[in-house]
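Chain and residue survey
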Amino acid sequence: MIPRVVPFRAASLLLVLAALYTGSACDRPATPTAAVAQQPDTVERQFRNVATTVAYVGDSSCTSCHAAEAASYAKHSMASSFHKWSADGRVEQAMADARRNQPSGYAYKVIDSAGALWQVETRPGDAAMPVHELRRRMDYVMGSGRLARTYFTEENGRLFQLPLTWYANHGWDFSPGYEVNNARFSRVMPDRCIACHSSYPTPAPHLEGKYPVLRAGIGCERCHGPGALHVTKWRADAGAASRLAVHTMDSSIVNPVRLPLDRRMDVCEQCHVHTSVAVLREKRTAFDFTPAKQLEAQYAYFKNGGDIDLVSHADRLKQSACFRGSMTSDKPLECATCHNPHAAPATRATRNQPCLSCHTGSAFTAKFTTAASKLSHAPAGDCVSCHMPVVKERTVPHGTFSDHWIRVPSRDSARAAKSAVAIEPYYARDRSGPESALYTAMGKVVFASLSGSGDMFDEAATELTPLLANDRAYPQGHFLLGVAHQARGRQKEAAAALERAIELGDTRPDVLRALAQAKVRQGDTDDARALYERALSSQPALAWMRAEYADVLQQEGALSDAGREYRAALREQPSLASASFNLGLALLAQQQTAPASAALLDAVRLEPDYASALEALLVVKTNGKKVAQLSALPSPVSAVRTAPRLPMLFGVQASAPAQVAFVNTPPNGYVLVYSPDGALLLAVPTNAGGTVTWDARGGEGRVLAPGLYRAVVQARGMSAPLPTQWFAIVAAPQ
């Protein structure tokens, strides 16, 4: 079976429970030709800081009038959910013995140097000498430390997660997901994460991980909304302090107590619901939700296989009989019943008090017949430890949580029944509303990109195509349809969908870049260049996108311009190893050997796997769509230590006449050729194995452009790690 060309690297490993869609297009609800209008919301209109544009002011503006509440809240974990690392607040120890990541071969330790902690990456070499070492300072902490603290390093203002996390009950270990898929120092801080761990930072437009304004912790405005209007009002009123206790409606700021129950739950669920897929509604960003609004108007959530993480505390609470039975009462059981942010955190001695407000008295004790059960259900008993048991969450290493589904564990299963479908809508509006089919299909594209499921891309594209045929209201839907088509290798259809998204007003750099990629794969570098330039005019700091733009310039032969753009990308993000390597290739093509060697050496210092590409530099001279001449170029870099290579190892070489040779391949397999970002470009069958030749042309019949590539051998019966060789195409010197 020929491998699918899916240009996405898996961001996490999800259990794929795929079921093919069996309905026809006419069985589905038609997509509305205009976005479903939200009716005027009477809840939102009560609060002027939600209905109008109001600035955030930070917690310091609140404490002068609300000192007692601020002091109590400071004791809660949420108050220290994100902050700069400092020696004064340090809880971690250095770790001298490196922890090895088996799949990648890298090892990590923590050192103490110059009053800071650093995470150090090495790759063992011969004897005791590593062939590679990088270090990154631990600049920011995410997590209060009650469970864990994970760390971010700052590079030119942009935040990248580090591989090691400090777990309160264990010490150092890999950050969630790293043990399986080691992102090293390249995992960017997602907007979705900082939106929940910090009180509304100011984001750089179209650039995740870079925030001109960052606030420590989750603050007052996370639950009360932006505070400028409220602060201005009360500071202007000389008698404000004496009237703060008057329980009258203050429309200048949200008071969650005055919200209906579902909106109060939304305030907590904005961060305490975790589903496999989250799709932003049209024209929404990760920072748009404010208290009093409906969370379902912000996100379409989808569960994987009917399940939801145990850390989705609010959802687990909603499954409890205690919650369902109290919904219509004056004081329903809700998050704030036990987690009052304006009071000191509950202790083991006080946490059972909410239970005793209902579960007490003679009628309650009469339910129990044995002495042991009567004793455990006495007022002094510990309700929480039994009915909210501490459980291990599979997605968090060394993490245990109180399961917020209040139940009798011996009677009620802790997990929902598995669903027969891969993703299942969380909100009712996405199960049966007018947008339900559309958002579910969009969710399938996101899920497919996370899981790497080619079948799911097919299914999503099949569903989205008729739904969007006459649409003018959902540009994001057209964008995701384009993504699905790209994953299926259908560049013409991808370009049409992406052009439609742009026509409908979605001109985000990601959309423009996706269309540029489709154009490149169709051989239209002129349009691709213009699209990259348009994207970069919106956000010049998109370093990886600028490096792709430089790739296009190099492909067109504009080597001097390409070099300028590679250097600009590296000034913004010096750790971008592929940009440094491709800069070296552009300089080699201009016969500038000394600066080329420096750029290539920088690339290998950042990514030691690239050292193997120095042994497989292939100079290519083209004649139209064919290779006229192909030869090997000796490495211009001599000062590179590499791990010893076995004589029968898979490799890439130049071969006459004008061909690439893959040597030492297994029979009945494929050589898969990838770009550095994980895009699968083509699959070369190995047939009988041994040495297999290839004409250096990609899946679209064009010669691969100058740049860095990764070849991976795959055959039946082979297990990871698969034999891999990096190689590079160098344009013939000008």
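The following refers to the structure shown. (Residues numbered from 1 in each chain as written. Predicted model: local features only at pLDDT ≥ 70, side-chain atom pairs only at ≥ 80, totals over all residues. Heavy atoms only, no water.)

**Some details on the overall build of the protein**
Tallying secondary structure elements over the protein gives 26 helices and 24 strands in all. Burial statistics for the protein: of 734 residues in total, 49% are counted as buried. Within the protein, contacts between residues separated by at least 24 positions form 60% of all contacts whose residues are at least 6 apart in sequence. Total accessible area computed for the protein in this model is approximately 33,900 Å², and 55% of it derives from carbon and sulfur atoms. (Helix = DSSP H or I, 4+ residues; strand = E, 2+ residues; numbered from the N terminus. Buried < 20%, exposed > 50% of the residue type's maximum accessible area, 1.4 Å probe, protein only. Contact = heavy atoms within 4.5 Å. Areas by Shrake-Rupley, 256 points an atom, 1.4 Å probe, with all protein chains shown as cover.)

**Some details on unusual backbone geometry**
Here the bond from A656 into P657 is cis, since omega is -10°, no more than 30 degrees from zero. Unusually for a residue other than glycine, A696 sits at a positive phi of about 70°. Note that A696 resides in the loop between strand 22 (690-694) and strand 23 (707-715).

**Quick look at the sheet that holds strand 20 (residues 669-674)**
Overall, mixed pairing links the six strands, which are arranged 17-16-24-23-20-21 in an open sheet. The strands lining the two open edges of the sheet, one partner per strand, are strand 17 (626-633) and strand 21 (680-685). The average undirected angle you get between the axes of adjacent strands in this sheet is 30°. Of the pairings in the sheet, the one linking strand 20 to strand 21 comprises five bridges and is antiparallel in character. The partner of V673 across the bridge, within strand 21, is L682. (Pairing = 2+ DSSP bridges. Axes fitted to C-alpha atoms, helices over the stretch in contact; angles between N-to-C directions.)

**Considerations on the packing of helix 18 (residues 454-467) against helix 19 (residues 475-487)**
Taken N-terminus to C-terminus, the directions of helix 18 and helix 19 make an angle of 140°; their axes are 9 Å apart at the nearest point. If you check the angle between helix 18 and helix 19, you find them oblique. Helix 18 and helix 19 meet at a crossing whose hand is left-handed. Contact residues: F457, A461, L464 and T465 in helix 18; G477, L480, L481, A484, H485 and A487 in helix 19. (Parallel < 35°, antiparallel > 145°, perpendicular 65-115°, else oblique. Left-handed = near helix turned anticlockwise from the far one by under 90°.)

**A short note on the sheet that holds strand 15 (residues 423-425)**
Spatial strand order, 11-12-15: three strands in an open sheet with antiparallel pairing. Each of the sheet's edge strands pairs with one partner strand only, and the pair in question is strand 11 (277-280) and strand 15. Strand-to-strand, the axes of this sheet are offset by a mean angle of 30°, without reference to chain direction. Bridge count for strand 12 (residues 299-304) against strand 15 is three bridges, and the pairing is antiparallel. For K303, the partnering residue across the bridge sits in strand 15 and is E424.

**What about the environment of L672?**
Here L672 is to be found in strand 20. According to the relative accessible area criterion, L672 is buried, its value standing at 2%. Sequence-wise, L672 and L682 are 10 residues apart; in three dimensions their C-alpha atoms are separated by 6.0 Å.

**Quick look at the pairing of strand 4 (residues 116-124)**
Summarising burial for strand 4: seven of the nine residues are buried, a large majority. As paired elements, strand 3 (residues 107-113) and strand 4 share seven bridges and run antiparallel to each other. When the sheet's bridge partners are listed, S113 is paired in strand 4 with A116. Where strand 3 hands over to strand 4, the hairpin turn is made up of two residues, of which A114 adopts a positive phi near 55°.

**Here we look at empty space enclosed by the protein**
This model, assessed by the stated rule, comprises one cavity of 30 Å³ or more. In this structure, the largest cavity encloses a volume near 70 Å³. Around the largest cavity sit R192, A195, C196, Y200, R222, Q270, A286, F287, F289, L295, Q298 and Y299, which together line it. For the lining of the largest cavity, the element with the highest residue contribution is helix 4 (residues 191-197), accounting for three residues. (1 Å grid on protein atoms, 1.4 Å probe; cavity = no way out; pocket = protein on both sides within 12 Å on 5 of 7 lines; lining within 4 Å. Points joined across faces, edges and corners; volume = space filled by probe spheres on them.)

**A closer look at helix 25 (residues 577-589)**
In a regular helix each residue adds 1.5 Å, so 13 residues correspond to 18 Å; helix 25 covers 19 Å between its end C-alpha atoms and thus fits that length. Where burial is concerned, most of helix 25 is hidden: 12 out of the 13 residues are buried. Within helix 25, the full set of buried residues consists of A577, A579, S580, F581, N582, L583, G584, L585, A586, L587, L588 and A589. Q591, located one to two residues past helix 25, shows a positive phi value of around 60°. (Expected span 1.5 Å × (residues − 1).)

**Overview of helix 21 (residues 509-521)**
Along its 13 residues, helix 21 runs 18 Å from first to last C-alpha, staying within 8% of the 18 Å computed at 1.5 Å per residue. Burial of helix 21 is extensive: 12 of the 13 residues sit out of reach of the surface. For helix 21, the full list of buried residues reads P509, V511, L512, R513, A514, L515, A516, Q517, A518, K519, V520 and R521. Taken together, the buried residues of helix 21 touch helix 19, helix 20 (491-503), helix 22 (525-538) and helix 23 (543-555). Just downstream of helix 21 lies G523, where phi reads positive at about 85°.

**A few points about the packing of helix 23 against helix 24 (residues 559-572)**
Where helix 23 contacts helix 24, the axes come no closer than 8 Å and their chain directions differ by 170°. Judged by the inter-axis angle, helix 23 sits roughly antiparallel to helix 24. Listed contacts from helix 24 to A543, R546, A547, Y549, A550, D551, L553 and Q554 of helix 23 are L559, D561, A562, E565, Y566, A568, A569 and E572. Its residues assigned to classes, the contact of helix 23 with helix 24 comprises 10 nonpolar, one polar and five charged. (Nonpolar A, V, L, I, M, F, W, Y, C, P; charged D, E, K, R; others polar.)

**Regarding the state of the cysteines**
Applying the stated criterion across every chain yields a total of one disulfide. At a sulfur-sulfur separation of 2.2 Å, the disulfide partner of C196 is C271. Here the disulfide of C196 and C271 is left-handed, its torsion about the S-S bond being about -100°. Placement of the pair is C196 in helix 4 and C271 in helix 8 (residues 261-272), with a sequence separation of 75 residues. (Disulfide = S-S within 2.5 Å.)

**Things to note about the pattern of salt bridges**
Opposite charge on two side chains makes pairing possible when the charged atoms of those side chains draw close. Tallying each qualifying case throughout the model produces 35 salt bridges. Taking the shortest distance from any N to any O, the salt bridge between R149 and E92 comes out at 2.8 Å. Residue R149 is found in strand 7 (residues 148-155), and its partner E92 is found in the loop between strand 1 (82-84) and strand 2 (95-100); the two are separated by 57 residues along the sequence. Residues R149 and E92 agree in their burial class; the two are buried. Across the pair D458 and R488 runs a salt bridge whose closest N-O atoms are separated by 2.8 Å. Placement of D458 in helix 18 and of R488 in the loop between helix 19 and helix 20 is noted, with a sequence separation of 30 residues between them. You can call D458 partly exposed: its relative accessible area is 22%. Classification of R488 by relative accessible area gives buried; the value is 19%. Salt bridges linked by common partners bring R546, D561, R564 and E565 together as one network. (Salt bridge = Lys/Arg side-chain N within 4 Å of Asp/Glu carboxyl O.)

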